[in-house]
Structure formats: structure tokens, C-alpha cells
Amino acid sequence: MAKISVIGSGGWGIALTILLHKNGHNLTIWSFDKKETEELKTTRQNKSKLPNILLPEDIEVTNNLKEAVENKDILILAVPSKAIRSVSKSLKDIIKEKQIIVNVAKGLEESTLKTMTDIIEEELKDKNPQVAVLSGPSHAEEVGRGIPTTCVVSAHSKELTLYLQNIFMNPSFRVYTSPDMVGMEIGGALKNVIALAAGIADGLNYGDNTKAALITRGIREIAALGVAMGGEQSTFYGLTGLGDLIVTCASMHSRNRRAGILLGQGKTLDEAIKEVNMVVEGVYSAKSALMAAKKYNIEIPIIEQVNAVLFENKNAAEAVNELMIRDKKLEIQSW
């Protein structure tokens with residue numbers, strides 16, 4: 001039995017807390033918000049982020065980060081990507097040497113294009129943490145209910161990767177391993193941007209043909225940019241690339257798709273984010289992806305149009321039309 005603390009009490013943090021508790025581990029969950037902490041203590045659920053999914057009574061809930069972190073074998077960072085750097089800084093003086101930290105946030109830092117594990121290692125380098133990533137097609141709403149799900153875990157060492165596979169895996173949560181942390185994180189970040197595009201198409205009342213095109217051409221953009229940034233080609237056609245992209249583009253559990261639908265219906269970005277009422281990670285990753293594409297000279301027309309809709313007030317239908325009338329291309333570069 002491991003002593004595990006989940007840092008972050010949103011939907012994904014709660015779902016993983018319940019999953020790991022079912023696996024027989026000792027769990028603590030931390031929230032930065034005192035009001036949310038009290039709600040979790042009294043109702044044993046986060047009604048706004050993951051309603052009707054109850055925390056068992058023996059899971060400790062705290063607003064004190066030091067209390068959450070001390071004497072823990074594993075820390076799960078389940079905060080939004082934009083908070084990873086600030087939370088990592090807060091952990092600096094309270095984690096132990098070679099602390100195991102598993103990142104489950106999906107994003108790229110806009111100012112640096114760093115992955116989440118890069119940021120964690122940078123901020124905590126004095127403690128030499130053992131950092132890993134868990135990713136894949138895994139909506140919290142389903143994991144929290146024990147619906148069969150598959151994910152992938154990766155760390156710098158095979159030993160730690162296999163250890164974490166055993167920590168997370170159970171009959172309803174199958175965990176694969178991979179040596180490609182970079183590719184996994186890039187796939188997880190960029191799929192959110194394509195999901196915004198898929199949602200926009202849904203909001204415009206386009207059909208299955210459009211969705212299939214966006215997923216298929218979207219994974220090519222993700223893979224091209226991901227390989228340029230150091231990921232392995234095969235990773236982007238696995239669970240943390242294509243698998244995660246499919247579920248995020250197709251499901252109403254996806255906050256990115258829901259935000260895209262609202263944008264396609266004519267809502268502003270601020271209105272869409274307010275209505276979704278959760279962090280829409282694709283909004284942050286869209287800018288980062290565009291910066292990375294310029295840096296590595298990679299063509300990403302779908303992601304470019306998403307940026308134009310998000311930040312330049314471009315009409316959504318016009319953005320789709322521009323994708324359709326681009327210069328003729330080969331699908332497979334073999335001629």
C-alpha cells in the first residue's frame with residue numbers, strides 16, 4: 001500500500017483519488033480553495049466539477065499543502081496546466097528528495113513551450129524528483145464510475161514506469177507503458193486544440209464527414225509538430241495521441257469540444273469559457289502550438305484557424321471554408 005496525495009480536487013483529481021483508493025492505497029486530496037475543501041469534507045463530492053461521485057469517508061481532504069505532501073510516497077499533480085509552475089514552486093520547500101511526482105495535466109507552457117514535466121523538473125531540480133506522466137483517453141466522469149478505460153504511463157526509468165503501472169492498474173483501468181514522455185505530453189496538449197475545432201464544426205451543424213476529416217487531418221498536424229519537438233511518430237497513433245483525440249472530439253464530457261460548440265454557435269470566447277465553467281485547456285495550448293509550429297516550420301492549418309477564431313474574432317464558418325479551399329495537396333507524400 002502506497003501513501004498517495006492528489007494535488008488538485010477538480011474532476012480528474014477526484015476520479016483518480018477514488019481509483020487509487022479502490023486499489024488499496026492510502027489517499028489524501030488537496031484543494032487550493034477553502035470553500036471547496038469544506039464542501040468535499042461535508043458532502044464528499046465536488047458538485048460543480050464531478051457531481052454524484054462520492055469520496056469514501058477514509059480519504060483525507062485538506063487545504064494545507066504541507067500537510068498533504070509530508071510523508072507521501074507519490075504525489076499526483078492534477079491541477080490545470082496553467083497552475084503547474086506555481087504549484088511546483090509551492091512544493092519546493094516541502095517535498096522530500098527524489099519525490100515521485102506524477103503529472104496528469106495536459107498542456108504546453110505558452111512562454112517557453114515546455115511540457116508539464118519539464119516545468120516540474122525545472123522548478124524542483126534541487127530535490128531531484130522522479131517525475132512521470134499519466135495520459136490517455138480518460139474522461140473523469142467515466143473513470144470515477146469505474147467504466148473500462150485505458151491509459152499510458154511513462155517515466156525516465158523503466159523501473160519507475162513499471163512501479164506506477166502497478167499502482168494505477170486495476171480491472172477497469174488498464175495501464176500501458178511507454179518510454180516516450182515527450183510524445184505523450186505533446187499529444188495530450190495538442191489534441192485539445194483539434195477538439196475545439198471539432199466542437200466548432202458541431203456548433204455549425206456540420207456532420208460526421210467533417211468530424212472524421214478534422215480528426216484524421218488533425219492527428220497529422222499533431223504528429224508532424226510532435227515529432228519536430230522530439231516525440232516518437234508511433235506515440236501519436238496510440239492511446240495518448242489518436243486515442244485521446246477521438247474521445248475528446250466525440251464526447252460531450254469534453255470541455256474543449258463543448259467550448260468549441262458554443263464558439264460555432266456564435267458565442268465569444270469569454271462567453272464559451274464561462275458557460276463551460278471549467279478550464280478549457282485547448283485555449284492555452286492553441287497559442288503554444290502556433291508558436292511551436294513557427295519555431296519548427298511545421299504547417300498546421302487546422303490549429304492556425306482555431307487560433308484565428310479564438311483570438312482574432314474570425315467567423316467560424318469562414319475558418320472552415322478556408323480549410324476547404326486551400327491549395328491542392330497529396331494525402332500521402334509518396335509521389
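Above this text you will find the structure in question.
Every value quoted in this text rests on a predicted model; they were computed, and no experiment measured them.

### So, the overall build of the protein chain
Link 1 in the chain: Along the backbone of the protein chain there are 15 helices and eight strands.
Link 2 in the chain: By the compact-globule yardstick of 20 Å for 335 residues, the protein chain fits well, its C-alpha radius of gyration being 20 Å.
Link 3 in the chain: Expressed as lengths along the three principal axes of its C-alpha atoms, the size of the protein chain is roughly 60 × 40 × 35 Å.
Link 4 in the chain: The long-range fraction of contacts in the protein chain, counting pairs at least 24 apart against all pairs at least 6 apart in sequence, stands at 69%.
Link 5 in the chain: Averaging the locations of the 39 positively and 40 negatively charged side chains of the protein chain gives two centres separated by 1 Å.

### Brief notes about the packing of helix 4 (residues 84-91) against helix 5 (residues 116-123)
Link 1 in the chain: Between helix 4 and helix 5, whose axes approach to 9 Å, the crossing angle comes to 30°. Here helix 5 runs roughly parallel to helix 4, going by the angle between their axes. Every pair of crossing elements has a handedness; the one defined by helix 4 and helix 5 is right-handed. Taken together, the residues of helix 5 that come into contact with helix 4 (itself represented by Ile84, Arg85, Ser88 and Lys89) are Met116, Ile119, Ile120, Glu122 and Glu123.

### Some thoughts on helix 5
In an α-helix there are 3.6 residues to a turn, and that puts residues three or four apart on one side.
Link 1 in the chain: Among all positions in helix 5, only Met116, Thr117, Ile119, Ile120 and Glu123 are buried. Along the long axis of helix 5, the arc covered by the buried residues comes to 160°, so they all point the same way.

### Section: the sheet that holds strand 4 (residues 74-77)
Strands in a sheet are paired, the pairing made by backbone hydrogen bonds, and the direction either parallel or antiparallel.
Link 1 in the chain: One open sheet holds the eight strands; their spatial order is 3-2-1-4-5-6-7-8, and the pairing between them is mixed. In this open sheet, the two edge strands, each paired with only one partner strand, are strand 3 (60-62) and strand 8 (173-177). Sheet twist, expressed as the average angle between the axes of neighbouring strands with direction ignored, equals 25°.
Link 2 in the chain: Where strand 5 (residues 100-103) and strand 6 (residues 130-135) come together, four bridges link them in parallel fashion. Considered in strand 6, the bridge of Ile100 is made with Gln130.
Link 3 in the chain: Together, strand 6, strand 7 (149-155) and strand 8 form the strand contacts of helix 10 (residues 239-250), whose direction differs from that of strand 7 by roughly 145°.

### Overview of the nonpolar core
Link 1 in the chain: The biggest cluster of nonpolar side chains holds 47 residues, and the ones touching the most others in it are Leu190, Ile194, Ile222, Leu225, Leu245, Cys249 and Leu310.
Link 2 in the chain: If you list the elements that add at least two residues to this core, you get helix 8 (181-203), helix 9 (208-228), helix 10, helix 11 (255-264), helix 12 (269-276), helix 13 (281-296), helix 14 (301-311) and helix 15 (316-324).
Link 3 in the chain: Sort the elements by how many residues they give to this core and helix 8 lands first, with eleven residues.
Link 4 in the chain: Ignoring any residue separated from it by four or fewer positions in sequence, one finds Ile222 in contact with Gly187, Leu190, Lys191, Ile194, Phe236 and Leu245.

The rules behind each value
- Residues numbered from 1 in each chain as written.
- Predicted model: local features only at pLDDT ≥ 70, side-chain atom pairs only at ≥ 80, totals over all residues.
- Heavy atoms only, no water.
- Helix = DSSP H or I, 4+ residues; strand = E, 2+ residues; numbered from the N terminus.
- Rg over C-alpha atoms; globule rule 2.2 N^0.38 Å.
- Contact = heavy atoms within 4.5 Å.
- Lys, Arg positive; Asp, Glu negative; His and termini not counted.
- Charge placed at Lys NZ, Arg CZ, Asp CG, Glu CD.
- Axes fitted to C-alpha atoms, helices over the stretch in contact; angles between N-to-C directions.
- Parallel < 35°, antiparallel > 145°, perpendicular 65-115°, else oblique.
- Left-handed = near helix turned anticlockwise from the far one by under 90°.
- Buried < 20%, exposed > 50% of the residue type's maximum accessible area, 1.4 Å probe, protein only.
- Arc of directions from axis to C-beta.
- Pairing = 2+ DSSP bridges.
- Core = buried A, V, L, I, M, F, W, Y, C linked by side-chain atoms within 4.5 Å.

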